[in-house]
Amino acid sequence: MESPTKRALIGANLAREDLESGITTVRNLGHSGIDGDTELRDAIKAGRVSGPRLLASGRKLITRGEYLQNLNPALADMILQQEFLLIDGTDRARQAVRQNEFQNVDVIKVSADENLTVPELAAVVEEAHRQHLKVAVHAVDKTSIQTAIDAGADSIEHGNEATDAQVKQMRDKGIFFDLTPTFYGGFLMKISELSIVISAGSRAVDASSAAGRKQRYDQLVQRVLKSGVKFAAGSDMCWFYPGKTRGEASTATFVNLRAAGMPALDVIRAITVNAAEMLGWADRIGSIQPGKFADLIAVAGDPVADITELERVRFVMKDGKVFRNDLGPH
């Protein structure tokens, strides 16, 4: 619906907003067109625009599943090739990875559903690893999660329906669990109510199921904490939150993990040292140590005592350069 030029300009603005909120490195997992995120990454690196260090995935790899249901079959491929690469057998899976490799991506993103087979995803993983690229797999339901585990994915995004046995398998295989509490506490409904008209019936249905969803996510967080599986946290923020910048909306989702019962220090680790390891950048980011990028943020209070301090970042340094300073001269 939007031109590549418009999307590029929006992307540059969102990148600046992320950085201003203290997000100095970000992994973008799709929905940026053929080269939107790779070009934005390079523009930031060259100093043409301000933004976080960006790991780009290019187009998402998908099967002929949910994304095709409501499209005109005669136009589906033409429309989808702007955003996705189709997995249709192991050969096509490898070809899709190579197309993204040609675009010089940093990571491969796969959206798994019941149509994706283990051999197809394993081919993606093998081809990506051959080029030293990690594979992040969107998997929400039990079947997709198991496919991702069996195929040897590097990280499973969302994983909301993961069983105890699956979490244990992830732990044993060293697969990262990337928690994305975007729907927690009616968060997504709040965004929708501010930006679109929602019927009273839809609001009632959401309200009636919200308590159950919250309880299930609280339990998931506790199971993850007790399991010993490696975990990180992502914002999954691909919406516009009226009244908030992209960075403010992203950090608000991390606060949801504290509400779900995760200790504040674990939340902070999930978005710093743990996330750095998940990205394969533990030698560069995630902690303040000699030899790593000079990234630093400051808040007025103690985020361990009050995690919402992360929503009120006052100072941001990236690569030793100050991008925001609301603290005044010292």
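As a reminder, the structure under discussion sits directly above these lines.
Definitions and limits used
- Residues numbered from 1 in each chain as written.
- Predicted model: local features only at pLDDT ≥ 70, side-chain atom pairs only at ≥ 80, totals over all residues.
- Heavy atoms only, no water.
- Helix = DSSP H or I, 4+ residues; strand = E, 2+ residues; numbered from the N terminus.
- Rg over C-alpha atoms; globule rule 2.2 N^0.38 Å.
- Buried < 20%, exposed > 50% of the residue type's maximum accessible area, 1.4 Å probe, protein only.
- Areas by Shrake-Rupley, 256 points an atom, 1.4 Å probe, with all protein chains shown as cover.
- Lys, Arg positive; Asp, Glu negative; His and termini not counted.
- Charge placed at Lys NZ, Arg CZ, Asp CG, Glu CD.
- Axes fitted to C-alpha atoms, helices over the stretch in contact; angles between N-to-C directions.
- Parallel < 35°, antiparallel > 145°, perpendicular 65-115°, else oblique.
- Contact = heavy atoms within 4.5 Å.
- Nonpolar A, V, L, I, M, F, W, Y, C, P; charged D, E, K, R; others polar.
- Pairing = 2+ DSSP bridges.
- Right-handed = clockwise from strand over helix to strand, strands pointing away.
- Salt bridge = Lys/Arg side-chain N within 4 Å of Asp/Glu carboxyl O.
- Patch = residues over 30% accessible without salt bridge, like charges linked within 9 Å, V, L, I, M, F, W, Y side chains within 5 Å.
- Phe/Tyr/Trp six-rings, centres within 6.5 Å; stacked < 30°, edge-to-face > 60°.
- Lys NZ or Arg CZ within 6 Å of the ring centre and 35° of its normal.
- Core = buried A, V, L, I, M, F, W, Y, C linked by side-chain atoms within 4.5 Å.
- Left-handed = near helix turned anticlockwise from the far one by under 90°.
- Polar contact = N/O pair within 3.5 Å; in protein donor to acceptor, adjacent residues only side chain to side chain.

Draft legend 1. Examining the overall build of the protein chain more closely. Regarding its fold elements, the protein chain presents twelve helices and twelve strands. In summary, the protein chain has a C-alpha radius of gyration of 20 Å against a globular reference of 20 Å for 330 residues, a match within 12%. Dimensions along the principal axes, computed over C-alpha positions, put the protein chain at roughly 60 × 50 × 45 Å. A burial count over the protein chain gives 47% of its 330 residues as buried. Only carbon and sulfur atoms are counted for the fraction: they give 53% of the accessible area of the protein chain, which is about 16,200 Å². A gap of 2 Å separates the mean positions of the 40 positive and 43 negative side-chain charges of the protein chain.

Draft legend 2. View of the packing of helix 1 (residues 4–20) against helix 10 (residues 246–259). In contact at an axis separation of 6 Å, helix 1 and helix 10 are set at 55 degrees when each is read in the N-to-C sense. It follows from the interaxial angle that helix 1 and helix 10 lie oblique. On helix 10, the residues that touch Leu14, Glu17 and Asp18 of helix 1 are Arg246, Gly247 and Ser250. Taken together, the residues of the contact of helix 1 with helix 10 break down into one nonpolar, two polar and three charged.

Draft legend 3. Representation of the pairing of strand 2 (residues 53–56) in the model. Going residue by residue along strand 2, you find Arg53 and Leu55 tucked away on one face and Leu54 and Ala56 tucked away on the opposite face as well. Across four bridges, the pairing between strand 1 (residues 25–28) and strand 2 is parallel. Paired with Thr25 across the two strands is Arg53, which belongs to strand 2. With helix 2 (residues 36–45) bridging strand 1 and its parallel neighbour strand 2, the resulting β-α-β unit is right-handed.

Draft legend 4. Summary view of the sheet that holds strand 11 (residues 313–318). Judged by pairing direction, the sheet is antiparallel, and its three strands sit side by side in the order 10-11-12 without closing on themselves. Two strands close off the open sheet at either side, each with one partner strand: strand 10 (296–299) and strand 12 (321–325). Along the sheet, successive strands turn relative to each other by an average axial angle of 10 degrees, direction set aside. Relative to strand 12, strand 11 runs antiparallel, the two sharing four bridges. Along strand 12, the bridge assignment pairs Lys318 with Lys321.

Draft legend 5. Unusual backbone geometry, seen in detail. Positive phi outside glycine occurs at His158, with the angle close to 85 degrees. Tracing the chain through its elements places His158 in strand 7 (residues 155–158). Positive phi outside glycine occurs at Asp319, with the angle close to 55 degrees. Within the secondary structure, Asp319 sits in the loop between strand 11 and strand 12.

Draft legend 6. Highlighting the side chain of Arg246. Checked against the element boundaries, Arg246 lands in helix 10. Although Arg246 is buried, it forms no salt bridge, and the closest oppositely charged side chain is Asp18 at an N-O distance of 5.8 Å. Beyond its immediate chain neighbours, meaning those up to four positions away, Arg246 contacts Leu14, Glu17, Asp18, Met237, Cys238, Trp239 and Phe240.

Draft legend 7. Representation of a nonpolar patch on the surface in the model. A contiguous nonpolar patch, built from Leu75, Met78 and Ile79 and spanning about 280 Å² of accessible area, is present on the exposed surface. Relative to the helices and strands, Leu75 is located in the loop between strand 3 (60–62) and helix 3 (76–80).

Draft legend 8. Quick peek at the packing of aromatic side chains. If you walk through the whole model with that rule in mind, you get one aromatic pair. Seen from the ring of Phe240, Arg246 lies directly overhead, with NZ or CZ sitting 5.3 Å from the centre.

Draft legend 9. View of the pairing of strand 7. Inspection of the sheet shows strand 6 (residues 134–139) paired to strand 7 by four bridges, in the parallel sense. Bridging from a neighbouring strand, Ala136 pairs with Ser155 of strand 7. Each parallel crossover has a hand, and the one from strand 6 via helix 6 (residues 142–151) to strand 7 is right-handed. As a crossover connection, the stretch from strand 7 through helix 7 (residues 164–173) into strand 8 (residues 176–179) is right-handed.

Draft legend 10. The nonpolar core, seen in detail. Among the nonpolar cores identified, the biggest contains 51 residues, and Ile108, Val110, Val124 and Phe177 are the most heavily contacted of them. Setting aside residues no more than four positions away along its own chain, Ile108 makes contact with Leu61, Val97, Asn100, Val124, Ala128, Leu133, Lys134, Val135 and Ala136. Counting nine residues, the second-largest nonpolar core is a separate cluster that includes Phe176, Ala232, Ala276 and Leu279.

Draft legend 11. Spotlight on the packing of helix 4 (residues 90–102) against helix 5 (residues 118–130). Between helix 4 and helix 5, the least distance of the axes is 8 Å, while the angle of their chain directions is 35 degrees. Crossing angle aside, the handedness with which helix 4 passes helix 5 is right-handed. Residues Thr90, Ala93, Arg94, Val97, Arg98 and Glu101 of helix 4 lie in contact with helix 5, whose contacting residues are Pro119, Glu120, Ala123, Val124, Glu126, Glu127, Ala128 and Arg130. Looking at the contact of helix 4 with helix 5 residue by residue, the classes come out as six nonpolar, one polar and seven charged.

Draft legend 12. A look at the environment of Ser155. Along the chain, Ser155 turns up in strand 7. For Ser155, the residues in contact, after removing those within four places along its chain, are Arg27, Val135, Ala136, Val137, Ile175, Phe176 and Met278. Within polar-contact distance, the side chain of Ser155 engages the side chain of Glu157 at 2.6 Å.

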